[in-house]
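Structural overview for review
Spelled out from the first residue to the last, the chains are:
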Amino acid sequence: SIKACLFDLDGVLVDTAKYHYLAWKRLAEELGFTFTEQDNEKLKGVSRMASLDILLSVGGLQFDNAKKYELAERKNNWYFESISKMDHTEILPGALNFLKACRENGLKTALGSASKNAMTILDNTGLTPYFDAIIDGTRTTNAKPDPEVFLLGAAALSVPPEQCIVFEDAEAGVEAAHRAGMSCVGIGSPATLGQAELVVSSLQEMTIERLKELSLAR
Ligand code: G16
Ligand code: MG
């Protein structure tokens, strides 16, 4: 039976994708090209440096590593300005209630995010106390679809992977969950998250009952 829920951050608990997008768009503009919202879809769940590589390929530009780190830092400074102003009103619908329900029902909770800024976001939105373990981009070396972030989460909770369920909005995250030996609930559209065991449009649709049905179906 299910003992733990592991949550992605961006796109599952909060909508920070819009702030990532504004910062990447600004960087692209400084470099002389346009970066659309559609281009931005490719960056979801992807690490900071890999995101920069995708952005530069859209602009048809190439730089050495030193310059790339400088550009990534410039973007991160703008992004950090936005997330510094976040508060609890930016928690996505249903997320807080579902986290509370998990804990009331004896399920452990962990964060499994690629972001190096996760602690700032969790603290500013007041979500930090709802997690038994927090694994973020400062703790991992391999980005999703590598299962590392979720395996570290399960280990931190002392729960075997097969008793964990992952909540993810990115295709690479669903793959990471499966490679970790975990089931996955996709948050978003079945068109992109079709590999997940269940897809819901937001955590508002998620209940402990549905979680139990999912674990029985395994
Ligand atoms: C998030 C976002 C990605 C972002 C990555 C790294 O991950 O989805 O778009 O590039 O983190 O973020 P940072 O630049 O803050 O380290 P997740 O795993 O929470 O969806
Ligand atoms: Mg995400």
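Residues numbered from 1 in each chain as written. Chains lettered and ligands numbered in written order. Predicted model: local features only at pLDDT ≥ 70, side-chain atom pairs only at ≥ 80, totals over all residues.

By the naming in an unreviewed UniProt entry, the protein chain is Beta-phosphoglucomutase, taken from Paenibacillus woosongensis. Its UniProt record gives the protein chain the following Catalytic activity (unreviewed entry) comment, quoted word for word: "beta-D-glucose 1-phosphate = beta-D-glucose 6-phosphate". Of the protein chain, the UniProt comment under Sequence similarities (unreviewed entry) reads exactly: "Belongs to the HAD-like hydrolase superfamily. CbbY/CbbZ/Gph/YieH family." (UniProt positions renumbered as here; feature names shortened; annotations may be inferred.)

1. What about the sheet that holds strand S4 (residues 164–168)?
Strands in a sheet are paired, the pairing made by backbone hydrogen bonds, and the direction either parallel or antiparallel. Reading across the sheet, the six strands line up as S3-S2-S1-S4-S5-S6 and stay open at both edges, with parallel pairing between neighbours. Two strands lie at the open edges of the sheet, namely strand S3 (133–135) and strand S6 (198–200), each paired on one side alone. Direction aside, the axes of adjacent strands within the sheet are offset by 20 degrees on average. Pairing analysis gives three bridges linking strand S5 (residues 183–187) to S6, with the strands arranged parallel. Looking at S6, one finds that Gly186 is bridged to Val199. (Pairing = 2+ DSSP bridges. Helix = DSSP H or I, 4+ residues; strand = E, 2+ residues; numbered from the N terminus. Axes fitted to C-alpha atoms, helices over the stretch in contact; angles between N-to-C directions.)

2. What about helix H1 (residues 17–31)?
Taking 1.5 Å per residue as the helical rise, H1 with its 15 residues ought to reach 21 Å, and the 21 Å between its terminal C-alpha atoms agrees with that figure. Buried within H1 are the following residues: Tyr19, His20, Ala23, Trp24, Leu27 and Ala28. Packed against the buried residues of H1 are helix H2 (37–40), helix H3 (48–59) and helix H4 (65–84). The positive-phi residue at the C-terminal boundary of H1 is Gly32, with phi of around 95 degrees. (Expected span 1.5 Å × (residues − 1). Buried ≥ 20, exposed ≤ 12 C-beta atoms within 10 Å, placed from the backbone. Contact = placed C-beta atoms within 7 Å.)

3. A look at the nonpolar core
A general tendency of soluble globular proteins is for nonpolar side chains to be buried together. Core analysis: the largest hydrophobic core is formed by 58 residues, its most contacted members being Ala4, Phe150 and Val166. Residues in contact with Val166, not counting those within four places in the same chain, are Leu6, Gly112, Phe150, Ala177, Met182 and Cys184. (Core = buried A, V, L, I, M, F, W, Y, C linked by C-beta atoms within 7 Å.)

4. Notes on the site of ligand 1
Leu9, Asp10, Ser113, Ala114 and Ser115 are the nearest of the 20 residues found near ligand 1. Its residues assigned to classes, the shell around ligand 1 shows five nonpolar, 10 polar and five charged. (Near = placed C-beta within 6 Å. Nonpolar A, V, L, I, M, F, W, Y, C, P; charged D, E, K, R; others polar.)

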